[in-house]
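# Results of the structural survey
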Amino acid sequence: MPWLRDLPLPSDATSAYGSFLADLDARLRDPATDRDDLTRELLAQLLYGRAYGQLLTDAPIAALNLDPRNVTLEAEYYAATDPVKFARVKPLLWLWKNADLTPAGQSATFGIEFRRVLAGHVFKRVGRNFKCWQNVEFSVGYNMDVGDDVVVHRGVLLDDIGGIVLKDGASLSDYVSVYSHSHSVLHMPDVTLKPTVIGKGARITYHATVLAGSVVSDDAMVATGALVRGPVEPHGIAMGVPARVTRLKAREGWGEPVVDSRRDAPPLARKANPDYPDPTPPQTRLPDADREGSAPVPVPAER
Ligand SMILES: CC(C)(COP(=O)(O)OP(=O)(O)OC[C@H]1O[C@@H](n2cnc3c(N)ncnc32)[C@H](O)[C@@H]1OP(=O)(O)O)[C@@H](O)C(=O)NCCC(=O)NCCS
């Protein structure tokens, strides 16, 4: 049984959404498009169901706040924000954020496709099949480097002012925070920007926090609620505050470099995820002696 269901919409909605999104993408590709005008017009339609000019007459304060030129975003206050790059993406970040508040934005079918179009015009790079749920926040957007098949769930905070790389197949669960800047403990204005990398197929699970400069390696997993403040080795399962790798994923055919910590436990009955061809990994604990310092990492024979 596949993990995800296919949920087709009625054909009239599918075709209306499809042409709206194709038109939006074409307008954003056109260098002559004024992104501020486009944003205020689309938001007037999505939020109030009327033209911007009409809304300005009917409800001027509501209208003025739809126009990115009349709005200040937090990133604009920071010296580290590149004003030229930010001016280009600001209207689209405003459109993204406010569209999330509408019924269209809350609908997965429309919202995910809509954000995929916007990401292509905001991020430094975005690969195939980017899937982003609602209420995700960025600092500047233009410092996001996103690979193929990346998933970002509800309420995630992506502080990309120092750069965030999400490699192919990375997944960020609900309410994860990923940072790329930090402040000196003694002198608040002393800010360090450090890119943060989430490796291929790595999963950062619910409510975890990844601090600036961390590298979560390929196929690693960050447990729920963990606080990552450094490297997480490949295939490692990092838990706790601060996060430590106390287990490694193991898959059939990987040899025997890891020790099963659950000899006395009944056979592991993990929740199967049929989208992944490997058997669900029996999770294993590193030998106690290897917990501190550099732990040996099992290398898969072939994947
Ligand atoms: C990491 C995780 C997979 C561990 O699950 P598990 O293998 O079933 O772990 P268990 O419940 O058997 O616990 C094993 C040990 O790890 C500890 N542990 C488990 N989860 C932990 C967590 N999030 N933080 C700290 N310690 C944790 C347990 O206390 C236990 O410690 P002990 O052996 O000293 O008693 C799980 O906590 C987790 O984070 N799941 C994320 C779910 C997910 O994928 N969400 C994303 C969906 S989009």
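Note that residues are indexed from 1 along each chain, following the sequence as it is written. Residue-level local features of this predicted model are given only where pLDDT is at least 70; pairs of side-chain atoms are given and counted only at 80 or more, and the full residue set underlies all totals for whole chains, interfaces and linings. Side-chain calculation: all heavy atoms of the structure are included, whereas hydrogens and water are not.

### Here we look at the sheet that holds strand β3 (residues 137-138)
DSSP calls a pair of strands paired once it identifies at least 2 bridges connecting them. Note on conventions: DSSP H or I runs of at least 4 residues are helices, E runs of at least 2 residues are strands, and numbering of each starts at the N terminus. Taken together, the five strands give an open sheet; going across it, the order is β3-β6-β9-β14-β17, and neighbouring strands pair in parallel fashion. Strand pairing shows two members of the sheet lacking a second neighbour, β3 and β17 (227-228), which therefore form its edges. Bridge analysis of strand β14 (residues 209-210) against β17 gives two bridges, and the strand direction is parallel. Across the sheet, V210 pairs through a bridge with V228, a residue of β17.

### As for a nonpolar patch on the surface
Patches here: salt-bridge-free residues with over 30% relative accessible area, like charges joined within 9 Å, nonpolar side chains (Val, Leu, Ile, Met, Phe, Trp, Tyr) joined within 5 Å. Residue exposure ignores everything except the shown protein chains as possible cover, and the areas themselves are Shrake-Rupley values with a 1.4 Å probe. For this document, the term salt bridge refers to a Lys or Arg side-chain nitrogen within 4 Å of an Asp or Glu carboxyl oxygen. Taken together, the side chains of L56, I61 and L64 present a nonpolar region at the surface, about 260 Å² in accessible area. By the secondary structure assignment, L56 is in helix α3 (residues 52-58).

### Section: the packing of helix α2 (residues 35-48) against helix α5 (residues 83-99)
Relative orientation of the contacting elements α2 and α5 amounts to 10°, with a least axis distance of 9 Å. Compared by their axis directions, α2 and α5 come out roughly parallel. When α2 is examined against α5, the residues R35, D36, T39, L42, L43 and L46 are found in contact with a partner set consisting of R88, P91, L92, W94, L95, N98 and A99. Residues are grouped as follows: nonpolar covers Ala, Val, Leu, Ile, Met, Phe, Trp, Tyr, Cys and Pro; charged covers Asp, Glu, Lys and Arg; every other residue, Gly included, is treated as polar. In terms of residue class, the contact of α2 with α5 is built from eight nonpolar, two polar and three charged. Angles run from 0 to 180 degrees between N-to-C directions of axes, and those axes are lines fitted to C-alpha atoms, restricted for helices to the stretch in contact. To sort the angles, those under 35 degrees are grouped as roughly parallel, those over 145 as roughly antiparallel, those from 65 to 115 as roughly perpendicular, and the leftovers as oblique. Contacts were defined at the residue level, with two residues in contact if any of their heavy atoms lie within 4.5 Å.

### Quick notes on the sheet that holds strand β12 (residues 196-198)
Read across the sheet, six strands follow the order β1-β4-β7-β12-β15-β18 without closing on themselves; strand pairing throughout is parallel. Each edge of the sheet is formed by a strand with only one pairing partner; in this case those strands are β1 (125-126) and β18 (231-232). Summarising the sheet, strand β15 (residues 215-216) and β18 pair through two bridges and their orientation is parallel. When the bridges of β18 are listed, V216 appears paired with V232.

No statement about biological role is implied by the geometric values presented.
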